[in-house]
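# Survey of secondary and tertiary structure
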Amino acid sequence: MKRLYKDLTDILDLSSGWLYDDLLRNIGWGIIQLLVWINDWIEGVATKVVTLGGLYDSKDMSSFVDILQPLAIGLFVVSVTVLGFMFMLNKVEKRNEIIMNVLIAVSVIVILPSLMGMMEDLLHKGLDTVDVDGNIH
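Residues numbered from 1 in each chain as written. Predicted model: local features only at pLDDT ≥ 70, side-chain atom pairs only at ≥ 80, totals over all residues. Heavy atoms only, no water.

With an unreviewed UniProt entry as reference, the protein is termed DUF8208 domain-containing protein, source organism Tigheibacillus jepli.

Here is the structure:
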């Protein structure tokens, strides 16, 4: 065992007794701790941004969305009906742009609320999977 320790002494020896080795090691450790602090701060900010500070978890927001969603769908149906009449009467000049705008509006109205809920669930699953130390269990 002593022979093995002597063979591996360059790897196993943490301090060579020189001041500059410990100084560089401590400076490196300080830089690592600073980067960890910055990472934790950015992670907290990103969590607040993604969850909007728990906005979608509140009862008031869910009741507001339940009230607003039928009104938004009704307004969309009325505007598509008016747009259809404008198409029939040849009042629309840039038809390609209108079709793209309608597709974007449909995707925002239909996909965005469910996408925000899915992203919040994904965030909570990810936070449940990672320990406080940053290890995945």
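The next point concerns the overall build of the protein. Helices and strands together make up the secondary structure of the protein, namely five helices and zero strands. Secondary structure elements in the protein, listed N-terminal to C-terminal, are α-α-α-α-α. Taking all 137 residues of the protein together, the buried fraction comes to 5%. Relative to all contacts within the protein whose residues are 6 or more apart in sequence, the contacts with residues 24 or more apart total 48%. For the protein, the computed accessible surface area is about 11900 Å², with 70% contributed by carbon and sulfur atoms. (Helix = DSSP H or I, 4+ residues; strand = E, 2+ residues; numbered from the N terminus. Buried < 20%, exposed > 50% of the residue type's maximum accessible area, 1.4 Å probe, protein only. Contact = heavy atoms within 4.5 Å. Areas by Shrake-Rupley, 256 points an atom, 1.4 Å probe, with all protein chains shown as cover.)

Taking the UniProt record as the reference, the feature "transmembrane region" (unreviewed entry) is found at residues 67-89 and 98-119. Across residues 67-89, helical content stands at 96% and strand content at 0%; the span's end C-alpha atoms are separated by 34 Å. Secondary structure within residues 98-119 divides into 100% helix and 0% strand; the distance between the first and last C-alpha atoms comes to 30 Å. (UniProt positions renumbered as here; feature names shortened; annotations may be inferred.)

Now for the environment of Arg 95. Counting through the fold element by element, Arg 95 comes out in helix H5 (residues 95-129). Here Arg 95 falls in the partly exposed class, since its relative accessible area comes to 32%. Residues in contact with Arg 95, not counting those within four places in the same chain, are Phe 87 and Asn 90.

All right, on to helix H4 (residues 59-88) then. Between its first and last C-alpha atoms H4 spans 44 Å; for 30 residues at 1.5 Å apiece the expected length is 44 Å, and the two agree. Within H4, the axis deviates most sharply at Leu 68, by approximately 25°, and proline Pro 70 lies no more than four positions further along. At the exit of H4 stands Asn 90, carrying a positive phi of roughly 60°. (Expected span 1.5 Å × (residues − 1). Bend = angle between axes of the 7 residues up to and from the residue.)

Here Ala 72 lies in helix H4. Between the C-alpha atoms of Ala 72 and Ile 109, which are 37 residues apart in sequence, the distance is 7.9 Å.

Take Glu 120: it is sitting in helix H5. Buried within the structure, Glu 120 lacks any salt-bridge partner; Lys 48 is the closest side chain of opposite charge, at an N-O distance of 11 Å. (Lys, Arg positive; Asp, Glu negative; His and termini not counted. Salt bridge = Lys/Arg side-chain N within 4 Å of Asp/Glu carboxyl O.)

Below, the discussion takes up the packing of H4 against H5. It is at 12 Å that the axes of H4 and H5 come closest, and there the two elements cross at 170°. With respect to H5, the axis of H4 lies roughly antiparallel. Between H4, through Phe 76, Leu 83 and Phe 87, and H5, the contact on the second element is made entirely by Arg 95, Ile 98, Val 102, Ala 105, Val 106 and Ile 109. Residues belonging to the contact of H4 with H5 are distributed by class as follows: eight nonpolar, no polar and one charged. (Axes fitted to C-alpha atoms, helices over the stretch in contact; angles between N-to-C directions. Parallel < 35°, antiparallel > 145°, perpendicular 65-115°, else oblique. Nonpolar A, V, L, I, M, F, W, Y, C, P; charged D, E, K, R; others polar.)

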